[in-house]
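# Report on the structure
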Amino acid sequence: MTKKVLSSKTIGIGLITLIIVGFISVIGSMLGGIQFNNIMGANLNPAIDQSVNEIGKLIQQGERAAVIQQQLDGSVSHNKQLKNLFVINQEALIIAAGDRSAIGLSLPLQFISNSIKGVPLPFNHQSNYLPKRSTLYPLKENQDLNVFEKYQSPDKMVYYVVGAFPVSPEMSAQQAHMVSMITGFMLIYRICFILSWLLLALWVYLDARRRHSNAAAWGILTLLTSVIGWVVYLLARPIVITCPACGEEQGQDGKYCTNCGAIIKTCCPQCSCEIKPTWHYCKTCGFKLSD
Ligand SMILES: [Zn+2]
Ligand SMILES: [Zn+2]
């Protein structure tokens, strides 16, 4: 009876658990993402948003750095929420900045986020990526850098609009703690999600094999389409009957168990329809059944 260890019931319960965990994982990772953005200060005040948008337009139009610089001169100087605003290229070299003394320098890459709207940055946010430390733009008063937006110029060069904004030391520690917690949870959520996906395909494969259906094909379909393949399989799978005497799975077409010979389906002697043991008359032809 070793084949009964992985009974369909056991797998089913495990599967339902994993599906629930899987759905929680999706919601969890979405909520985590929103929370992450909030902590990262991605929700900025409208004035900064507008400045970033205007700089973006200039980059997309292929304007020279000097024109972008003019835009920056006007936008950063009186914004207390922001210490500085930069436009950097893919080498993290500052090509325009609210504080003109920073132009031509390279940023120290102490970014608090290593991606922008889910797109990873081409540079490592926590390493001192640059060779000449003496030329780094000096970050003052616990400033944090965050990438606001990524733009492409007509000649396919990518530029990032980066803000330096002040963060109190206590907030920084709290932020770091929250971020590490959320990252940890999101990792667990994602592992559960992948596991539930794989186990769904495994369950379909095992169930199809038990029913002598095309197990590999059904398994692969579920692996590719997840819940969709699973639902299609549930609708299409052949029905099996468990032999009351020996427990073997039998196709619905037979009258006797192919393993032990027990009667698995009782039929009306007159019309051959399936009948239940409690019936006194056949529901199809009305034949009087004996006890
Ligand atoms: Zn049997
Ligand atoms: Zn009948």
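Our subject is the structure listed above.
First, a word on what this report is: a plain description of the structure on this page.

Procedures and definitions
Residues numbered from 1 in each chain as written. Chains lettered and ligands numbered in written order. Predicted model: local features only at pLDDT ≥ 70, side-chain atom pairs only at ≥ 80, totals over all residues. Heavy atoms only, no water. Donors = N, O, S within 2.8 Å, 3.2 Å for Na, K, Ca; no water. Tetrahedral: all angles 85-135°; square planar, octahedral: opposite > 155°, others 65-115°. Buried < 20%, exposed > 50% of the residue type's maximum accessible area, 1.4 Å probe, protein only. Helix = DSSP H or I, 4+ residues; strand = E, 2+ residues; numbered from the N terminus. Polar contact = N/O pair within 3.5 Å; in protein donor to acceptor, adjacent residues only side chain to side chain. Arc of directions from axis to C-beta. Phe/Tyr/Trp six-rings, centres within 6.5 Å; stacked < 30°, edge-to-face > 60°. Contact = heavy atoms within 4.5 Å. Pairing = 2+ DSSP bridges. Core = buried A, V, L, I, M, F, W, Y, C linked by side-chain atoms within 4.5 Å. Salt bridge = Lys/Arg side-chain N within 4 Å of Asp/Glu carboxyl O.

## Side note on the coordination of the zinc ion (ligand 2)
Geometrically, a metal with four donors at the corners of a regular tetrahedron has ideal angles of 109.5 degrees, and one with six donors at the corners of a regular octahedron has ideal angles of 90 or 180 degrees. For the zinc ion (ligand 2), the protein coordination sphere consists of Cys-268 (SG), Cys-271 (SG), Cys-282 (SG) and Cys-285 (SG), at 2.2 to 2.4 Å. Metal-centred angles of 105 to 112° between the 4 donor atoms at the zinc ion (ligand 2) mark the site as tetrahedral. Each donor residue of the zinc ion (ligand 2) lies on the same chain, and together they follow the pattern C-x2-C-x10-C-x2-C. Relative accessible area serves as the criterion here: at 30%, Cys-285 is assigned to the partly exposed category.

## Quick notes on the side chain of Asn-89
Within the secondary structure layout, Asn-89 lies in the loop between β1 (84-88) and β2 (94-97). Here the side chain of Asn-89 touches Leu-93 through a polar contact of 3.0 Å, landing on its backbone nitrogen.

## Some words on helix α5 (residues 215-225)
Those residues of α5 that fall on the buried side of the exposure criterion are Ala-215, Trp-218, Gly-219 and Thr-222. Taken down its axis, α5 places every buried residue within 100° of arc, on the same side. Backbone geometry just downstream of α5 places Ser-226 in the positive-phi region, at approximately 55°.

## A look at the packing of aromatic side chains
Scanning all chains against the criterion turns up 2 aromatic pairs. A centroid spacing of 5.2 Å and a plane angle of 65° characterise the contact between Trp-218 and Tyr-233, whose relative ring orientation is edge-to-face. Remark: Tyr-233 occurs in helix α6 (residues 227-236) and Trp-218 occurs in helix α5; sequence separation between them is 15 residues. Using a relative accessible area of 17% as the deciding quantity, one classes Trp-218 as buried. Given a relative accessible area of 0%, Tyr-233 falls into the buried group. By the ring-pair criterion, three or more aromatic residues cluster together here, those being Trp-203, Trp-218 and Tyr-233.

## Remarks on the coordination of the zinc ion (ligand 1)
All of the protein donors around the zinc ion (ligand 1) are Cys-243 (SG), Cys-246 (SG), Cys-257 (SG) and Cys-260 (SG); their distances to the metal are 2.2 to 2.3 Å. Bound by 4 donor atoms, the zinc ion (ligand 1) shows angles of 105 to 115° at the metal and therefore tetrahedral coordination geometry. The sequence pattern describing where the donors of the zinc ion (ligand 1) fall on their chain is C-x2-C-x10-C-x2-C. Within this pair, whereas Cys-246 is found in the loop between β7 (240-242) and β8 (249-251), its partner Cys-260 is found in the loop between β8 and β9 (266-267), the two being separated by 14 residues in sequence. With relative accessibility at 24%, the residue Cys-246 sits in the partly exposed group. Residue classification places Cys-260 among the partly exposed positions, given a relative accessible area of 39%.

## Some thoughts on the side chain of Asp-207
Here Asp-207 lies in helix α4 (residues 169-210). Assessed through its relative accessible area of 3%, Asp-207 is described here as buried. Beyond its immediate sequence surroundings of up to four residues, Asp-207 is in contact with Tyr-233 and Arg-237.

## Focus on the pairing of β1
Counting buried positions along β1 yields 5 of 5 residues, so the element is predominantly enclosed. Burial along β1 is two-sided: Asn-84, Phe-86 and Ile-88 and Leu-85 and Val-87, pointing in opposite directions, are all buried. Sheet topology note: the β1/β2 ladder contains 3 bridges and is antiparallel. Looking at the pairing, Phe-86 lines up with Ala-97 of β2.

## Some thoughts on the nonpolar core
Residues Ile-55, Ile-59, Ile-68, Val-87 and Val-161 are the most contacted members of the largest nonpolar core, which totals 14 residues. Those elements that provide at least two residues to this core are α2 (46-60), α3 (65-76), β1, β5 (143-152) and β6 (158-166). In terms of residue count, α2 provides more of this core than any other element does, 5 residues in total. Among all residues touching Ile-68, those that are not within four sequence positions of it are Ile-55, Leu-58, Ile-59, Glu-63, Val-87 and Ala-96. In this structure, Ile-94, Val-158, Tyr-160 and Ala-164 belong to the second largest nonpolar core, which totals 11 residues.

## Regarding the pattern of salt bridges
Two side chains that carry opposite charge are able to pair once their charged atoms sit near each other. This structure, assessed with the given rule, holds 4 salt bridges. Of the charged contacts in the structure, one is a salt bridge between Asp-207 and Arg-210, with a shortest N-O distance of 2.9 Å. Of the two residues, Asp-207 and Arg-210 are both situated in helix α4; the distance of 3 residues between them amounts to about one turn of the helix. A salt bridge links Asp-207 to Arg-237; the shortest N-O distance between them is 2.9 Å. Of this pair, Asp-207 sits in helix α4 while Arg-237 sits in the loop between α6 and β7, and the two are 30 residues apart along the sequence. Each of the salt bridges in this network shares a partner with another, and the network as a whole consists of Asp-207, Arg-210, Arg-211 and Arg-237.

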